[in-house]
Amino acid sequence: MSSAETLSEFALIERFFRPLSAESAFLRCGIGDDCAVLAPAAGEELLLSVDTLVEAVHFPKHYPAEALARRALAVCVSDLAAAGASPRAFTLALTAPQLDEVWLAGFSATLAAEAARYGMALAGGDTTRGPLCITLQVMGVAPRGAALLRSGAKLGDRIYVSGTLGDARAALAVLDVDEPDADQQQWLRRYHQPEPRLALGQALRGIASAAIDISDGLAADLGHILRCSGVGATVRLASLPLSAPLAGHPSALDYALSGGDDYELCFTAPPQHAAAIAALAETLQLPLSYIGDIAAEPGLRCIDAQGGDYCPAAGYQHF
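Residues numbered from 1 in each chain as written. Predicted model: local features only at pLDDT ≥ 70, side-chain atom pairs only at ≥ 80, totals over all residues. Heavy atoms only, no water.

> Whenever I open this one, the sheet that holds strand β12 (residues 299-303) confuses me. Can you help?
Within a sheet, neighbouring strands are paired by backbone hydrogen bonds and run either parallel or antiparallel to one another. Pairing within the open sheet is mixed, and its seven strands lie in the order β8-β10-β7-β11-β9-β12-β13. With partners counted over all chains shown, the strands left at the sheet margins are β8 (210-213) and β13 (309-310), one partner each. In this structure, strand β9 (residues 232-236) lies alongside strand β11 (residues 288-295), joined through four bridges in antiparallel fashion. Residue Ala233 lies in a different strand from β11, and its bridge partner there is Ile294. Where helix α2 (residues 65-82) meets the sheet, its contacts fall on β8 and β10 (265-269), and the angle it forms with β8 comes to roughly 175°. Contacting β7 (158-162), β8, β9, β10, β11 and β12, helix α7 (residues 218-229) runs over the sheet at an angle of about 145° to β8. (Pairing = 2+ DSSP bridges. Helix = DSSP H or I, 4+ residues; strand = E, 2+ residues; numbered from the N terminus. Contact = heavy atoms within 4.5 Å. Axes fitted to C-alpha atoms, helices over the stretch in contact; angles between N-to-C directions.)

> I would appreciate a short explanation of the layout of surface pockets in the present structure.
It is the rolling of a water-molecule-sized probe over the atoms that shows where space remains empty. The computed volume of the largest pocket comes to approximately 570 Å³. Around the largest pocket, the lining comprises 27 residues; the ones closest to its centre are Ser49, Asp51, Asp79, Arg150 and Asp213. Counting only elements with at least two residues in the lining of the largest pocket, the list comes to β3 (44-54), α2, β8 and α7. Ranked by residues supplied to the lining of the largest pocket, first place goes to β3 with six residues. Residue composition of the lining of the largest pocket, by class: 13 nonpolar, six polar and eight charged. Approximately 420 Å³ is the volume found for the second largest pocket. (1 Å grid on protein atoms, 1.4 Å probe; cavity = no way out; pocket = protein on both sides within 12 Å on 5 of 7 lines; lining within 4 Å. Points joined across faces, edges and corners; volume = space filled by probe spheres on them. Nonpolar A, V, L, I, M, F, W, Y, C, P; charged D, E, K, R; others polar.)

> Would you explain the packing of α2 against helix α3 (residues 101-118) in this entry?
Think of two packed helices as two axes; the pair is described by the angle between the axes and how far apart they sit. Following both chains from N to C, one finds α2 and α3 inclined at 35°, their axes separated by 7 Å at the closest point. Crossing of α2 over α3 shows right-handed handedness. Contact residues: α2 offers Ala65, Glu66, Leu68, Ala69, Arg70, Leu73, Ala74 and Val77, while α3 offers Trp103, Gly106, Phe107, Thr110, Leu111, Glu114, Ala115 and Tyr118. Partitioning the contact of α2 with α3 into residue classes produces eleven nonpolar, two polar and three charged. (Left-handed = near helix turned anticlockwise from the far one by under 90°.)

> Which parts of the structure should I look at to understand the packing of aromatic side chains?
Remark: the centre distance and the inter-plane angle together describe each pair of aromatic rings, the angle taken between the planes. For the coordinates displayed, the defined rule picks out four aromatic pairs. Here Tyr160 and Phe267 contribute two aromatic rings whose centre-to-centre distance is 5.2 Å and whose plane-to-plane angle is 10°, an arrangement assigned as stacked. Residue Tyr160 is located in strand β7, and its partner Phe267 is located in strand β10; the two are separated by 107 residues in the primary sequence. On the accessibility criterion, Phe267 (0% relative accessible area) is buried. (Phe/Tyr/Trp six-rings, centres within 6.5 Å; stacked < 30°, edge-to-face > 60°. Buried < 20%, exposed > 50% of the residue type's maximum accessible area, 1.4 Å probe, protein only.)

> Sorry, what's going on with the pattern of salt bridges here?
It is possible for side chains of opposite charge to pair when their charged atoms get near one another. Under the counting rule described, the total for this entry stands at eight salt bridges. Between Asp261 and Arg71 there is a salt bridge, with the nearest N and O atoms lying 3.0 Å from each other. Placement of Asp261 in the loop between α9 (252-258) and β10 and of Arg71 in helix α2 is noted, with a sequence separation of 190 residues between them. Just as Asp261 is buried, Arg71 falls in that class too. Notably, a salt bridge pairs Asp309 with Arg301, separated by 2.6 Å at the nearest N-O pair. Overall, Asp309 belongs to the exposed group, its relative accessible area being 55%. Note on Arg301: relative accessible area 44%, which makes it partly exposed. If you follow the salt bridges from partner to partner, you end up with Asp167, Arg190, Arg197 and Glu264 in one network. (Salt bridge = Lys/Arg side-chain N within 4 Å of Asp/Glu carboxyl O.)

Printed below as a string of C-alpha cells:
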C-alpha cells in the first residue's frame, strides 16, 4: 500500500503516533482519551507554548519529512528553553493534502527520536486534510516562580546572546544549491537543525532578569523584552557574535540583527552576575556574548564601530 488514505484516522494514529505517547509521572494519560491528563510535581509550574508552521511560509515546499519533524519540534522547544523550562510533553495537529505512508513513517520516526532526545512524550493531537501545516503545543515545567519571562529587564542590566547570529538567514539564499561549499553547509545546518538552548535556559534561572529566544531576529525579539519591561537598550554592533563564514558577508550585520531563525537565547542580567555567566559559558562550551546594556530611554539603539547610529534592515524574512 503506497498511501495511508485507506487508513482511518484512528488506525493512522495507532500506527504512526501512539508509539510517541509514553505515559509517565507527568503524563498520566495521553493518546486514546478525549483529553490528556497532566500531573506536574508539587512545587512546579506548567509552561505551555504553541507554534504553527505552514508550508511555503515557514519552511520550503517539498521539505523532507524528516527535516520538517526535526525543525518543527526544535523551534517549539526553543520557547521552553527561553523560559528556563524542562520539556515534558507535546501535542501535534497535522494537516496534510494527502497522508502518504512513506512520508508519515519518516516524519513520525524522526519526531519520535527528537522527542526522546528532549525527554518529551506525545500527549495527543489531531489530523486533517488540507495544505501542509503543523501545529505543535509544547509543555514543560519549572520550579514555582522561577520561569524566565520577557518582563524583568531593569535599567543597568547587561544584554547577552548565546552562540552566533545570522547564519540561518544566510542559508535562505542557498537552500537550492546542489553542491554547497563548506561555509554554505554551516549556514544550512543552522537552518535545518536548530538547537534549542535548554541547558542554558535552565541554568539561567536565578541569574537572568529576562529572556527570549531569537526566532524573528535579534532586533525584533530584543524589542519584545524592551516593551514588556518598559525599558530601552543600546547594542554595540561590534560585539555581535558572527560565525567565521558569515563575518565577511556584505549583509552580515543585517542578517544578525533582523534575519531570524537563529533560535539562540537573548537575555538580560545584572552586572554582578557577569562572572557566573562567564563560568556558565565555559561549562556549557557555548559563547555568551555581552552585546549591550539596558537603558532608560525607550527603544533600541544600535551603535556601529564608529559610534554612529545604525538602523537595522526591515524585519524578519521567512524563507
